[in-house]
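Architecture and fold: a report
Here is how the chains run, residue by residue.
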Amino acid sequence: MASYTPMIQQYLRVKADYQDAFLFFRLGDFYEMFFEDAIKASQVLEITLTSRDGGGKERIPMCGVPYHSAPNYIDQLIEKGFKVAICEQVEDPKQTKGVVKREVVQLITPGTVMETKGLSDKQNNFLTSITHFEDETFGLAYADLSTGELHTTVINGPVQQLVNEVYSIGAKEIVVSEKFPPDLVQMIKERMVTTCSYEEVTDIPMEFDQIVKNLEQEKLQMSVGRLLHYLKKTQKRSLDHLQPARFFELDQSMKIDLFSKRNLELTETIRSKGKKGSLLWLLDQTVTAMGGRLLKQWVDRPLINPALIEQRHDMVETLINEYFTRQEIRELLKEVYDLERLAGRVAFGNVNARDLVQLRKSLSQIPHLKAMVEKLPIENASILDNMDECEELTTLLHDSLIEQPSLSVKEGNMMKDGFHEELDKYRDARRNGKTWIAELEKRERDLTGIRSLKIGYNRIFGYYIEITKANISSLPEGRYERKQTLANAERYITEELKEKETLILEAEEKIVALEYELFLKLREEVKVYIPRLQKLAKAVSEIDVLQCFATISEDRYYTRPSFNDERKVYITEGRHPVVEKVMDANEYVPNDTWMDKENEMLLITGPNMSGKSTYMRQVALTAILAQIGCFVPAKEASLPIFDQIFTRIGAADDLISGQSTFMVEMLEARNAIVYATQNSLILFDEIGRGTSTYDGMALAQALIEYIHDKIGAKTLFSTHYHELTSLDEELKKLKNIHVSVVEQNGKVVFLHKMKEGPADKSYGIHVAELAELPKELITRAQIILEKLESQPKSEPVEVAATKEVQSIDQDPLAQLSFFAEDKDKKQVDKQSKSEKAALEKLKKLELLETTPLEALNKLYEIQKLLKVKS
Ligand code: ADP
Ligand code: MG
């Protein structure tokens, strides 16, 4: 180290404290990176790697980005989950000898980034701290630095619950202790892209007393403490806008675990992981970014308190009925800027005058908006109380700022005339000076008779009088002092002109400085309003989400659900909200759902692609929509309040994780079985698919029996095991339903209509046809099927044949030894045997539950057996 230049030594000292971040080291107009950082950054950012002599034996790898384009590069790094430490020169290079002092002024991390393209307006960016306590509980605290909101809770349940929560928060970064179990971090990272950071200190920093004043539990305080320390450490700036921590209990809302959220595609789709196609996407008719964020929070946590739900339904109903008021509210909301994030930027001191003009514009909508909400024929004090017009602030902003201030706060042109006396004086001086110059120009033209005489200005010479060469002869000798000669003109000055110039320029300078000063003061004054603005933001986002529910409910013909205490699910003409939307009008076939104490479970059978999965999800989504306070896609709906929803998909259908092992399927099923209550809703979609037929069937049956006897949760169970449909004889609360199918001209048509009773016919070949398997193959399969169906059954043969098939199935060697036998003697025998085996295989084929690909494979095997004879 000793041989390095002082600057590199300084670099290494700083870097030692920021091992896990890219260190952006300010050198003049560039941020430079050295050593490993440089090599890695040049790859990630695709910028040129160079090197530099740093005094050591070898040249030091180096790369850099220009100061002005740094934000773009920082974005890229953050989005990839890295951290960036910004190291600035903290003293004036002109005033120091030797190396300029440099310090890290901010550590930008995925969970604390404020301004990036990756940060969607309608999504929160939550930094999340997790604290692991000795009694195996977890403290959770998360904050969105851009909006200042902070939430906290304690998780008493299993680690799954922790992972679920972290997932639904969508934490881009978690903060834990070094002692936190690494396998848990691993578990979280397996399910989502998140950066892990460490912070040991958990007491509450003095200045944040107010934030935790409502928190009594020590566990909560510690979690919030860890979060605050990490924020302090990384941000190194004012965090005044952080709001008092809001404590919530997990069992105050409907629990939907990670798998279910994904399976139901609540906020993102399974395939693309994007919002488009999800329930959130369908619902999002919010006008403001704040409303968009709140909507996501509501979808993530449906309510379970009937009174609170009814309150939302009441508002939605009113807003539907009051069409014009709602339209007016929507129009007003369009003019409301993101107050929450704006408050955050005010706290950080990085708003400009234009932002404050936006704020003024937003605030000036509020009285009108409030009047509209008041006009609604419904009591809604909770919203109105928070709808604080911040009148004084509106007035202040109105009096101080012009309509279109300049973007930079250091160029003047922000403040209104009349706002500040001294400023007015300087402006007068500048204006007077300019008028005086205009008058001078006129006077001199008259006196000299030179019509083209003009007064101009440039930065180097200041004000000058310009006379074209052609006119110089008319100029009285010695009238002006010559300053500059151009190709076809001469420029002059006069004593008087210079005097005025000084006055004007001085005034200009003073104006810019004073406006800057006034602006900073104004910004400080706005800061005081942050808590009030945040409260207002809450009211605005709430009314936005409610109008969103009203709009979507009206547009898509949803109805207001009612709730019953008898655990009844009565849905008439229910629809799947998203599938319905992406279909052409009226294509979607509505279906009823009737479940009560006598019918706790529905066993659903029907061919592939007939609509089983859609039907099941439609019930779950209806329940969720109802409990977030929206209306539901049905003609009529009476529902219980569900405490939890579990959705599980058989591994063969699980395209989500790529880890579609049977183990995962069973783990997920176990979770549902263990935590479901009689107030829960369970959807099991083709569970047991990931293993061999008998295994799977046995497990499926055992699951059904267990839920039926021990849990009593409302359950929809779709299955391809026909055999299970006879369970209704034993299990009194189980009802068979099936999707009806008709054949038209030898082709199968799915009606997507649920009927009582089990499905009675297989349509595997038709499904294969739909899947566009080769015509030849389909025809062949039909012939084989007909032959099979026309053959009389003979028990003994069947048993023998079955044995044969099994031996071939199980052991390829058995086939070989089969061929190895005396050919002549056995030839005939063998032919009939393999034919029988083929037929048996065909007979055994459960076409209904065979995927097209499986069918193809099976057909290939069968053909192989038949070809043996030739
Ligand atoms: P399954 O689970 O029985 O294999 P799906 O529920 O996946 O079938 O449905 C297959 C397709 O059928 C869906 O993608 C959808 O396009 C269509 N579908 C399902 N239900 C309906 C319905 N009620 N009305 C119209 N089309 C439907
Ligand atoms: Mg399905």
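Every residue gets a number counted from 1 within its own chain, in the order that chain's sequence is written. Key to labels: chains lettered from A, ligands numbered from 1, both in the order written. With the structure being a predicted model, the display of local features is reserved for residues of pLDDT at least 70 and the display and counting of side-chain atom pairs for 80 or more, all residues being used for whole-chain, interface and lining totals. By convention in this description, side-chain values take in all heavy atoms of the structure and omit both hydrogens and water.

As annotated in an unreviewed UniProt entry, the protein is DNA mismatch repair protein MutS from Sutcliffiella horikoshii. UniProt positions are given in the numbering used here, feature names are shortened, and annotations may be inferred rather than shown by experiment. The annotation that UniProt attaches to the protein under Sequence similarities (unreviewed entry) is "Belongs to the DNA mismatch repair MutS family." As recorded by UniProt, the Function (unreviewed entry) comment attached to the protein reads in full: "This protein is involved in the repair of mismatches in DNA. It is possible that it carries out the mismatch recognition step. This protein has a weak ATPase activity."

What follows covers the UniProt feature "binding site: ATP" (unreviewed entry) in the protein. Cross-referencing UniProt, the feature "binding site: ATP" (unreviewed entry) maps to Gly606, Pro607, Asn608, Met609, Ser610, Gly611, Lys612 and Ser613 in the present numbering. The helix count covers DSSP runs of H or I at least four residues long, the strand count covers runs of E at least two residues long, and both are numbered beginning at the N terminus. Checked against the element boundaries, glycine 606 lands in the loop between β21 (601–605) and α20 (612–628). Burial classes follow relative accessibility: with a 1.4 Å probe on protein chains only, a residue under 20% of its type's maximum area counts as buried, one over 50% as exposed, and anything between as partly exposed. What makes glycine 606 buried here is its relative accessible area of 6%. Take serine 610: it is sitting in the loop between β21 and α20. Residue serine 610 is classed as buried on the basis of its relative accessible area of 1%. Setting aside chain neighbours within four positions, we find serine 610 in contact with Val739, Phe750 and His752. Only 2.7 Å separates the side chain of serine 610 from the backbone oxygen of proline 607, close enough to count as a polar contact. Throughout, a residue-residue contact means that at least one pair of heavy atoms, one from each residue, lies within 4.5 Å. Here a polar contact means two N or O atoms within 3.5 Å. Within protein one must be a hydrogen donor candidate and the other an acceptor candidate, and residues neighboring in sequence count only if both atoms are side-chain atoms.

A few words now on the nonpolar core. Counting 105 residues, the largest nonpolar core has Leu283, Leu359, Leu393 and Phe549 as the members making the most contacts within it. Considering every element that reaches this core, the biggest residue donor is helix α18 (residues 530–555), with 13 residues. Those residues in contact with leucine 283 that lie beyond four places of it in its chain are Leu295, Val299, Cys548, Phe549, Ile552, Leu625, Ile628 and Cys630. For this analysis, a nonpolar core means a set of buried residues of the types Ala, Val, Leu, Ile, Met, Phe, Trp, Tyr and Cys, connected via side-chain atoms within 4.5 Å.

So, about the site of ligand 1. In the neighbourhood of ligand 1, 13 residues make up the surrounding shell, with Val589, Met609, Lys612, Ser613 and Thr614 lying closest. At 3.2 Å, a backbone N or O of serine 610 approaches an oxygen atom of ligand 1. At 3.4 Å from a nitrogen atom of ligand 1 is found a side-chain nitrogen or oxygen belonging to histidine 752. All accessible areas in this document rest on Shrake-Rupley with a 1.4 Å probe, and a residue is counted as covered only by the protein chains that are shown. In the complex, 79% of the free accessible area of ligand 1, which totals 560 Å², lies under the protein chains. With three residues, the top contributor of residues to the shell around ligand 1 is α20. Tallied by class, the residues present in the shell around ligand 1 amount to five nonpolar, six polar and two charged. For this purpose, a residue is taken to be near a molecule or strand whenever a single non-hydrogen atom of the residue falls within 4 Å of it. Under the convention adopted here, Pro, Cys and the residues Ala, Val, Leu, Ile, Met, Phe, Trp and Tyr are nonpolar, Asp, Glu, Lys and Arg are charged, and Gly plus all remaining residues are polar.

The geometry of helix α12 (residues 339–348) relative to helix α13 (residues 353–375) is characterised by a closest axis approach of 11 Å and an angle of 140° between their N-to-C directions. The angle between the axes of α12 and α13 places the two elements in the oblique class. Considering how the two elements wind past one another, α12 and α13 form a crossing that is left-handed. Seen from α12, the contacting residues are Leu339, Leu342 and Arg345; seen from α13, they are Asp355, Leu359 and Ser362. By residue class, the composition of the contact of α12 with α13 is three nonpolar, one polar and two charged. Angles run from 0 to 180 degrees between N-to-C directions of axes, and those axes are lines fitted to C-alpha atoms, restricted for helices to the stretch in contact. Here the angle decides the label: under 35 degrees means roughly parallel, over 145 means roughly antiparallel, 65 to 115 means roughly perpendicular, and every other value means oblique. In a left-handed crossing the near helix is turned counterclockwise from the far helix by less than a right angle, and in a right-handed crossing that turn is clockwise.

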